[in-house]
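# Examination of the molecular architecture
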Amino acid sequence: AAAVPGNPSQVSGGGRSSAGDPLLENRSAGPQSSTRCKPGDRRRSDQTTGELWTELTGLVGCPESEDGPGGGAEGGPAEVSLEEALVRVAEFLSVQLGAEESFGNPPDLSKPGDVPPLLTVTGQLLALLAWIRSPRGRQAVPQGTQASSGVQSPIPAGTPSQDESPSLSPRGEAQGQQPPQLEENQRASQRLEQLILGQLEELKQQLELQEKELGQLRLGVGATDSEKRVQYLTLENKALKQSLSLTRDLLLHCGPGPLSRAPQEEAEALAELQGRLQEAQDTTEALRVQLGAQEMQLQGLRGALQQLQQETEQNCRRELQQMHGQLAGLRARMASLRQGCGDLRGLVSTFTQSCQGSLSEARGQVSWALGALSAGGAGTKFQEAKQGPLAGCPGRLLELKGNIRVLCRLRPGTPSSLVSLEPGPGGTVTTCYRGHQRRFRLDWVFPPHASQEEVFRELESAVLSCLGGYSVCIFTYGQTGTGKTYSMEGPPEDPGIAPRALQSLFREMGTGGQHHVTLSMVEIYNEAVRDLLAPGPPQRLAVRQGPAGQGGIQVAGLTHWEVPNLESLHQMLSLGRGNRATAATVMNQHSSRSHALVTLTLRTASPLRGPATSGTLHLVDLAGSERAWKAGTAGTSWEDRDGAQRLREARTINRSLLALGGVMTALRARRPHVPFRDSQLTRLLQPALGPGATAVLLLQISTRPEDLGETVCSLKFAERVGQVELGPARPRRAPRSGTPSSLSTDTPLTGTPCTPTPSPGSPPSPGLDSGSSSALSPPEELPS
Ligand SMILES: Nc1ncnc2c1ncn2[C@@H]1O[C@H](COP(=O)(O)OP(=O)(O)OP(=O)(O)O)[C@@H](O)[C@H]1O
């Protein structure tokens, strides 16, 4: 139970109660117990701190007497030994410590920083007492304390010897008990020595621990923990230093003389330890500074890393955007290259076709010149020379004008400020629809007051080119009620394109040469192809692709009428027109509910004008595009059969016109696939819109404000058509034999062979089997 200075955990056992301390107990039982200030005053455990303090202060000036307790001068202070005084002080401190603990929270002795200084001092006192009772202590203390007068004035180091100073204990008792006392002192001395050695060992261990801690700090243990640890070690070092300082002071104070060698060594060791501690503290401080610097460096590195990450991220994003932009640019470039490639292909194709056409024409002219020469006679030559190029002229003119042309005719009516125009060739129509102004340029714009003759004059050259073997298609397109039929057919008193064209053709044919004219007329009603000139009621005909290698399409059972003269032709047209499906709608009292196609095949043979040619003229009167509600069909219930019929018609008409728009778009874009098969109309028009053909679109528009939407749509369609290129127009030679051409210039459409010419005024015989080749005579073979 010996207290260990500097180790509060060990001191605490003795500090809490002195009852268990053998040294204190020995004090009352041993010979020293007789040297009391108050003899026989045995210590009671229930003594208070106040009583102990009073008792302790009573020792002041109490001299040590050889007569034992109470043997001092009467009235004067009693004598007391240093040992006794120290015992009292230790007792007082112990009780004081206990009192403090009972008032407050007991200190956590596992934490060196929490060890109260009182406890440390108590431990130091107990250690001193143990040393005093040791043989060396007993040798030293009497010598050191003899000159002292009690505890009041401690004896400094190097005080006079034992003989010169009064002894703290009776000499007789000390001499009488010398042998056992000496032995006991030696043991105590050894214990004290071991004690101090243990303390030193412990200090060393603590120092090693600190060094380990410092090592860990050097290895970069967390900054916060390290700081705490440093603080803790600093406090512990301070406590240890205080403890050692106290011990050294006591030892130096109480144990001077020749036997003070051990304390000196201890002091040296202590100094050394202090030096080490100082060194460790310096190292710790240096490490702390280093740690701070490293932390700052780390912080800086973190900031730099973050900045680097942000920069990298931004760079990546920027590069990605650039890549996207480049990719988009490349895509656009690729698309434009593709388009350019398509344009080039088209140009090459156009050039090739143009060359072929020119070559063919040159051959014809050479052939004609040779024929003229062989016929002999200057007068004849002159006459034929005058007639020769007739058929070629309109064709050449047509080629110069372009193989697809768009003309626009405005229906007469109330003028509107929303539609304005610049009439004439290359004229424009400007619309203002829903706040957007748009200008459409067309090949020719006819004002509302333009006459039928004016319109036809612009088309006449194209019509006459058929006599030179060209394939020409004239079709009227526009909203319902805008005058398509009026322009194409016209009233008897003011005929339209078709009658004037036929008249012009027959007039031209009448000038000379051999001509063979056949006529066919079909309508497409609700996607059904019907022969308008068939004997008997119109029947639905099948449209199919022609044999491989011949191209084109075929309409099985279609009748082709031979037309001997203009009068017969008019009769036949009138007959076909009468068979056409019309109905009254809100927009038009005689609205055409079908598309009508009139095909005139003109085979010409003249030995003086070159090889025989086979031209075709298609006159197409399209049904009007219409909105269902405008056509008076919207909201029609199914009970109203007529209304339902109009609705169905309107749908199929619009669908087929949409298909025609798709074909035009594909032709304009020079797509490899043109959707001719999307409707019966486009199937039948395929030959008329094929390479080498000539097409003229007559667009009919209304100027009424309520029709403005339809007008803009129609103009957009016309604009698309105007951008289509069909390749250069070229004439076609007549086939040596076979059926007459119909709807197709490259491959004749093999329908029903031509019938005998019906007598003027009489419709085709109902009993005539149009599908039977025996009932119809094949056309005459023309000389090439
Ligand atoms: N330029 C014009 N001069 C005089 N009258 C015209 C003119 N254009 C059209 N009309 C008249 O307008 C009416 C409708 O014309 P038309 O039947 O030709 O139109 P449409 O476009 O063929 O109609 P739908 O598509 O319904 O058949 C007719 O009565 C016609 O006489």
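Scroll up to find the structure this text is about.
Residues numbered from 1 in each chain as written. Predicted model: local features only at pLDDT ≥ 70, side-chain atom pairs only at ≥ 80, totals over all residues. Heavy atoms only, no water.

The next thing to look at is the pattern of salt bridges. Pairs can form between side chains of opposite charge whenever their charged atoms are close. The final tally for this structure, using the stated rule, is 13 salt bridges. The partner of R288 in a salt bridge is E285, with the nearest N and O atoms 3.5 Å apart. Of this pair, R288 and E285 are both found in helix α10 (residues 261–375), three residues apart, which corresponds to roughly one turn of the helix. We classify R288 as partly exposed; its relative accessible area is 33%. Its relative accessible area of 40% is what places E285 among the partly exposed residues. Across the pair D494 and R500 runs a salt bridge, and its minimum N-O distance is 3.3 Å. (Salt bridge = Lys/Arg side-chain N within 4 Å of Asp/Glu carboxyl O. Helix = DSSP H or I, 4+ residues; strand = E, 2+ residues; numbered from the N terminus. Buried < 20%, exposed > 50% of the residue type's maximum accessible area, 1.4 Å probe, protein only.)

With that settled, consider helix α16 (residues 566–579). The α-helix advances 3.6 residues per turn, and as a result positions three or four apart in sequence lie on the same side. Compared with the 20 Å implied by 1.5 Å per residue over 14 residues, the 20 Å span of α16 between its first and last C-alpha is a close match. All of the buried residues in α16 are S568, L569, M572, L573 and G576. Seen from one end, α16 has its buried residues packed into an arc of 135 degrees, which puts them on one side. The exposed residues of α16 that point more than 90 degrees off its buried face are E567 and G578. In this structure, the buried residues of α16 make contact with α15 (497–509), β8 (514–525), β13 (561–562) and β16 (595–605). (Expected span 1.5 Å × (residues − 1). Arc of directions from axis to C-beta. Contact = heavy atoms within 4.5 Å.)

Angle between the axes and distance between the axes are the two parameters that describe a pair of packed helices. Contact geometry for α15 and α16: axes closest at 10 Å, N-to-C directions at 160 degrees. The angle between α15 and α16 falls in the class roughly antiparallel. In the crossing of α15 with α16, the sense of the turn from one axis to the other is right-handed. On α16, the residues touching P499, L502, Q503 and F506 of α15 are L566, L569, H570 and L573. Per-class residue counts for the contact of α15 with α16 are six nonpolar, two polar and no charged. (Axes fitted to C-alpha atoms, helices over the stretch in contact; angles between N-to-C directions. Parallel < 35°, antiparallel > 145°, perpendicular 65-115°, else oblique. Left-handed = near helix turned anticlockwise from the far one by under 90°. Nonpolar A, V, L, I, M, F, W, Y, C, P; charged D, E, K, R; others polar.)

Coordinates in, geometry out; function isn't part of it.
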